[in-house]
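What follows is each chain in one-letter form.
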Amino acid sequence: MRRHIIAGNWKMNMLLEDAVALATGVAQNTKELGGVDLVVAPAMLAVAPVAKALKDAGFTHLKVATQNMHTVPTKGAYTGEVSAQMLKDAGCDFVILGHSERRQYFGETDAGVNHKAKVALAHGLTPIICIGETLAEREAERTFDRIEFQVRAALAGIDDKNLPALVLAYEPIWAIGTGKTASPEQAQEVHAFIRSILSKLAGDEIAQQVRIQYGGSVKPANISDLISQPDIDGALVGGASLKVSDFVSLAVSSNA
Ligand code: PEP
């Protein structure tokens, strides 16, 4: 039985005061939910204040993520970068890796994502690894090839026994921030395919333990139909994670 996991990717939004208010508002209104894992990913500068505010208020059920990290795990001459050790020190437990916006605007590669995933696992951070096809790839019927390539590249060299400790997020790029959600059937088809690749890589038992989130215009109105699909284990949410009421509603609908 895989626990559902809902993660909010705040992207480059929220000044410090608003970030703390959003996180504590979400935490306050979800503290009774025992059947879903909840994560918020503020912008880098807000990570430490958000984590501290949650800790000071005694909220341990809402975890904190960043939206990226560097491959060097501790410190060094890497101007502008932040390491896994620094993220742990700031109170982070998760890190989103390979989001399509990072691939598109910042040159993030499959090999880089794989490297970062290994570093995250080795330093006590849960990677949420994003994969997904473009509209052109879907229209050219290349979705499955693209997804298989990305999954294999992201997981290359990661020990089978560590796979259940990471999370995959299937995010069709044409559905991110566009208001166009993949239908539950379209999403389930790809999620089942991803799980079949995991089975080939590591066997059925491990494949059944890996959580696969769906991401792309998830909102309170469509979460129930998505989360009820057998291979959809949660959601990575952008826009709808920026309002307490919407994120709480997603959490409540996913609470098993
Ligand atoms: C995302 O940024 O990962 C995302 C899915 O955004 P949205 O929910 O706004 O489509």
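Predicted model only: the values in this text are computed from it and were never measured.

(A) Region of interest: the overall build of the protein. Scanning the protein from terminus to terminus reveals 11 helices and 8 strands. Whereas a compact globule of 256 residues would reach a radius of gyration of roughly 18 Å, the protein reaches 17 Å, a difference of no more than 12%. Considering only C-alpha atoms, the protein reaches an extent of 45 × 45 × 35 Å along its principal axes. Per-residue burial over the protein gives 51% buried out of 256 residues. For the protein, restricting intrachain contacts to residue pairs at least 6 apart in sequence, the fraction spanning at least 24 positions comes to 76%. When the accessible surface of the protein is summed, it comes to about 11300 Å², and 54% of that surface belongs to carbon and sulfur atoms. Side-chain charges in the protein split into 24 positive and 28 negative, and the spacing between the mean points of these groups amounts to 4 Å.

(B) Quick look at the packing of helix α7 (residues 143-155) against helix α8 (residues 184-202). Direction vectors running N to C along α7 and α8 enclose 45 degrees, while the axes themselves pass 10 Å from each other. Between α7 and α8, the angle falls in the class oblique. Between α7 and α8 lies a crossing whose hand is right-handed. For the pair α7 and α8, the contacting residues are Thr143, Phe144, Ile147, Glu148, Val151, Arg152 and Leu155 in the first and Glu189, Val190, Phe193, Ile194, Ile197, Leu198, Lys200 and Leu201 in the second. For the contact of α7 with α8, a count of residues per class yields 10 nonpolar, 1 polar and 4 charged.

(C) Local environment of the pairing of strand β6 (residues 167-170). Every second residue of β6 is oriented toward a common face, with Val167 and Ala169 on one face and Leu168 and Tyr170 on the other, all of them buried. As paired strands, strand β5 (residues 126-131) and β6 are joined by 4 bridges and run parallel to one another. The residue bridging isoleucine 131 from the neighbouring strand is tyrosine 170, located in β6.

(D) Structural context of the state of the cysteines. Evaluated as defined, the whole model comprises 0 disulfides. Cysteine 130 supplies the cysteine sulfur nearest to cysteine 92, a cysteine that is in no disulfide, at a spacing of 15 Å. On the basis of relative accessibility, which here comes to 2%, the residue cysteine 130 falls in the buried class.

(E) Summary view of the environment of isoleucine 129. Looking at where isoleucine 129 falls in the secondary structure, it is placed in strand β5. Note on isoleucine 129: relative accessible area 0%, which makes it buried. For the pair isoleucine 129 and glycine 98, spaced 31 residues apart in sequence, the C-alpha separation works out to 6.0 Å. The contact partners of isoleucine 129, leaving out residues within four places of it in the chain, are Leu97, Val113, Ala117, Ala154, Leu155, Leu166, Val167, Leu168 and Ala169.

(F) Broad picture of the site of the ligand. The immediate surroundings of the ligand are formed by 14 residues, with Lys11, Glu171, Gly177, Ser217 and Gly238 found nearest. In this structure, glycine 177 approaches the ligand through a main-chain N or O atom, which is 2.6 Å from an oxygen atom. At 2.7 Å from an oxygen atom of the ligand is found a main-chain nitrogen or oxygen belonging to serine 217. Here the ligand loses 95% of its free accessible area of 290 Å² to cover by the protein chains.

(G) Spatial organisation of the sheet that holds strand β8 (residues 234-237). An order of β1-β2-β3-β4-β5-β6-β7-β8 is seen for the 8 strands of this closed barrel, with the pairing classed as parallel. Looking at each pair of strands side by side, their axes are set apart by 25 degrees on average, direction ignored.

(H) Region of interest: unusual backbone geometry. In this structure, lysine 11 is a non-glycine residue whose phi angle is positive, near 50 degrees. Mapped onto the fold, lysine 11 is located in the loop between β1 (4-9) and α1 (16-28). The backbone of glutamate 141 sits at a positive phi, close to 55 degrees, despite the residue not being glycine. For glutamate 141, the position within the fold is in the loop between α6 (135-139) and α7.

(I) Summary view of the packing of aromatic side chains. Enumeration over the complete set of coordinates arrives at 3 aromatic pairs. Ring geometry for phenylalanine 144 versus phenylalanine 193: centroids 4.8 Å apart, planes at 75 degrees, classification edge-to-face. Pair noted here: phenylalanine 144 is in helix α7 and phenylalanine 193 is in helix α8, with a separation of 49 residues, a long-range link.

Thresholds applied
Residues take numbers from 1 onward in each chain, read along the sequence in its written order. The predicted origin of the model limits local features to residues at a pLDDT of at least 70 and limits the giving and counting of side-chain atom pairs to 80 or more, whereas totals for whole chains, interfaces and linings rest on all residues. Hydrogens and water are ignored here; the side-chain numbers use all heavy atoms of the structure. Secondary structure counts use DSSP, requiring at least four H or I residues in a row for a helix and at least two E residues in a row for a strand, with both numbered from the N terminus. Between the two quantities, the radius of gyration covers C-alpha atoms and the globule rule is 2.2 Å times the number of residues to the power 0.38. A 1.4 Å probe rolled over the protein chains alone gives each residue an accessible area, and that area as a share of the maximum for its type sets the label: buried under 20%, exposed over 50%, partly exposed in between. Only heavy atoms enter the contact rule, under which two residues are in contact if any of them lie within 4.5 Å. Using a 1.4 Å probe, accessible areas were evaluated by the Shrake-Rupley method; residue-level cover was limited to the displayed protein chains. Positive charge is attributed to Lys and Arg, negative charge to Asp and Glu, and no charge count is given to His or to the chain ends. Charge coordinates come from a single atom per side chain, which is NZ of Lys, CZ of Arg, CG of Asp or CD of Glu. Between the N-to-C directions of two axes lies an angle of 0 to 180 degrees, each axis being a line fitted to C-alpha atoms and, for a helix, fitted only over the stretch in contact. Here the word oblique covers every angle except those under 35 degrees (roughly parallel), over 145 (roughly antiparallel) and from 65 to 115 (roughly perpendicular). We call a crossing left-handed when the near helix sits turned anticlockwise from the far one by less than a right angle, and right-handed when that turn is clockwise. Side-chain classes follow a simple rule in which Ala, Val, Leu, Ile, Met, Phe, Trp, Tyr, Cys and Pro form the nonpolar group, Asp, Glu, Lys and Arg form the charged group, and the remainder, Gly included, forms the polar group. Paired strands, in this sense, are two strands between which DSSP finds at least two bridges. Counting rule for disulfides: a pair of cysteine sulfur atoms within 2.5 Å. For each residue, the test is whether any non-hydrogen atom lies within 4 Å of the molecule or strand; if one does, the residue is near. Pairs of N or O atoms within 3.5 Å make up the polar contacts considered here, provided that, within protein, one atom can donate a hydrogen while the other can accept it, and that residues adjacent in sequence are counted only when both atoms are side-chain atoms. Aromatic pairs are defined between Phe, Tyr and Trp rings, using the six-membered ring for Trp, whenever the two ring centres lie within 6.5 Å; interplanar angles under 30 degrees are classed as stacked, those over 60 as edge-to-face, and all others as tilted.

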